[in-house]
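Architecture and fold: a report
What follows is each chain in one-letter form.
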Amino acid sequence: QDGLKQCLAEFRQQLAWVERLDVTLGPVADPVSQSASASDAVDPENDFQREMSFYRQAQAAVLEALPRLRKLQVPTRRPDDYFAEMAKSDQQMQKIRQKLKSKQEAMERSEKAKQLRAMRKYGKKVQVEILQRRQKEKKNMLNAVKKYQKGLTDKLDFLDEEQTSSQGNKKGNASQRTKKGPNAKRRYKNQKFGFGGKKKGSKWNTKESFNDVSSFQSKVAHNKGPGKGGRGGKGGKKALNKRPGKRARQKMKNRAR
């Protein structure tokens, strides 16, 4: 101990405080407990308590030193035009900036690709659901038509359902069709003088006429009605074969000769 005091007396210099800037204080009061924690109260094995004690001690030193520096008119803030040379060169910082930019672009591309995959997956799911629904409706329609053709039912409710569904799909585009159609002058002339235009193919079958089976009669179509040559009819097969064919008539003539 005597030797340490002797060494301390040899290199000690009696300088002003502004040259030394040494402040020795205890930690500032804890805002939670409103009391200064003693050194023996800090658990050295607890990292959080140890670092907090260092922080509060540095805070107490700053609170003590700043007023003294201001009283001595020593500037404590960096001026606005202060220029300090960076530890790293501009070329190295440019490389770091480019690397960060490339990483950010790669992350953005990955995020966009992820969103596209999610949208594509959702679109495929919706498309599959629509196709399954259409196949189911088509199957139900064909089954209903087969039952009607076989005479098992006389109801045409499936046609009404199809028409209502088609009308519901076309309602959204009705306003657009009226806008794209002819103007009022053209409609008046068409009503007064006739439509004119194309005459060829006017009697061709259309989608509406093809789907219209209201005049279809299953019993008549399958020869089950009266007088149509069925099993319960009056004519039967003999009524259908009253006159022989051309070849049979020719053979009969040859035999007569």
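Our subject is the structure that appears above.
Quick look at the structure, then. (Residues numbered from 1 in each chain as written. Predicted model: local features only at pLDDT ≥ 70, side-chain atom pairs only at ≥ 80, totals over all residues. Heavy atoms only, no water.)

Moving on, we come to the overall build of the protein chain. Counting secondary structure elements, the protein chain contains 11 helices and zero strands. Taken from N to C terminus, the helices and strands of the protein chain fall in the order α-α-α-α-α-α-α-α-α-α-α. For the protein chain, the exposed area adds up to about 24800 Å²; of that, 53% sits on carbon and sulfur atoms. (Helix = DSSP H or I, 4+ residues; strand = E, 2+ residues; numbered from the N terminus. Areas by Shrake-Rupley, 256 points an atom, 1.4 Å probe, with all protein chains shown as cover.)

A few words now on helix 3 (residues 47–71). Over its 25 residues, helix 3 extends 37 Å from the first C-alpha to the last, a length consistent with the 36 Å expected when each residue adds 1.5 Å. Where helix 3 is buried, its residues meet helix 2 (17–20). The N-capping residue of helix 3, defined by a side-chain oxygen 3.2 Å from the backbone nitrogen of F48, is N46. (Expected span 1.5 Å × (residues − 1). Contact = heavy atoms within 4.5 Å. Polar contact = N/O pair within 3.5 Å; in protein donor to acceptor, adjacent residues only side chain to side chain.)

Turning to a nonpolar patch on the surface, a few remarks are in order. Together, V18, L21 and L72 give the surface a local cluster of nonpolar side chains, amounting to about 250 Å² of exposed area. When its relative accessible area of 34% is taken as the criterion, V18 is described as partly exposed. (Patch = residues over 30% accessible without salt bridge, like charges linked within 9 Å, V, L, I, M, F, W, Y side chains within 5 Å. Salt bridge = Lys/Arg side-chain N within 4 Å of Asp/Glu carboxyl O. Buried < 20%, exposed > 50% of the residue type's maximum accessible area, 1.4 Å probe, protein only.)

Before going further, it helps to spend a moment on the side chain of S53. Inspection of the secondary structure assignment puts S53 in helix 3. Of the residues examined, S53 reaches a relative accessible area of 11% and is grouped as buried. In this view, S53 contacts P27 and V42; residues no more than four positions away in its chain are not counted.

Coordinates in, geometry out; function isn't part of it.
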